[in-house]
Amino acid sequence: MITIVRFRTAEGDYAIPVEQVSEVRSATGLAPLPAPLPGVGGLMRRGNSAFPVLTTLGVLGHHVVIIEKGPLNFGLLVEEVTGVLQVDEAQIGAPPPGQERPLISGILNDEAGLVLLLDVDALAGKLAQ
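Residues numbered from 1 in each chain as written. Predicted model: local features only at pLDDT ≥ 70, side-chain atom pairs only at ≥ 80, totals over all residues. Heavy atoms only, no water.

When helices and strands are tallied, the protein chain shows one helix and eleven strands. In sequence order, the secondary structure elements of the protein chain are arranged as β-β-β-β-β-β-β-β-β-β-β-α. Along the three orthogonal principal directions, the C-alpha set of the protein chain runs to about 40 × 30 × 30 Å. Among the 129 residues that make up the protein chain, the fraction classed as buried is 36%. Taking the contacts inside the protein chain whose residues are at least 6 apart along the sequence as the reference set, 45% of them involve residues at least 24 apart. When the accessible surface of the protein chain is totalled, it reaches about 6,900 Å², and 54% of it is carbon and sulfur. (Helix = DSSP H or I, 4+ residues; strand = E, 2+ residues; numbered from the N terminus. Buried < 20%, exposed > 50% of the residue type's maximum accessible area, 1.4 Å probe, protein only. Contact = heavy atoms within 4.5 Å. Areas by Shrake-Rupley, 256 points an atom, 1.4 Å probe, with all protein chains shown as cover.)

Here it is in structure tokens:
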């Protein structure tokens, strides 16, 4: 079994393994970043520091899913978080062909439709372009 955080954007339904999500918060307070990399929507404050927020899945959203990848913290702008679910790993299919940059690491086909599992390493790589 794997536990995932599932969320929705204007583009569709996505998920990330729960152990890579540190928190979910409102997108209120997202500050613009001058001359950002493509797909970076701005910065959010966390304590005495700030972290970048990706708009890879769309520029509109009400929540930020905060992801921890080693020492790197970054956010992902989403419309809404729809739940934390346990799924059998056998239900997760292979990544789809046709991706220019492989952001999707697998596909979950459940009763509500397709859920695309995001590759956190690929998302983090967008900050190093």
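Now that the structure is up, let's keep going.
In the structure shown here, the tally under the stated rule is five salt bridges. Across the salt bridge formed by D13 and R6, the nearest N and O atoms sit 3.6 Å from each other. For K69, the salt bridge goes to D121, with nearest N and O atoms at 2.6 Å. Linking K69 in strand β6 (residues 63-69) with D121 in helix α1 (residues 120-125), this pair joins segments that are 52 residues apart in sequence. Here the salt bridges do not stand alone but share partners, grouping E23, R25 and R46 into one network. (Salt bridge = Lys/Arg side-chain N within 4 Å of Asp/Glu carboxyl O.)

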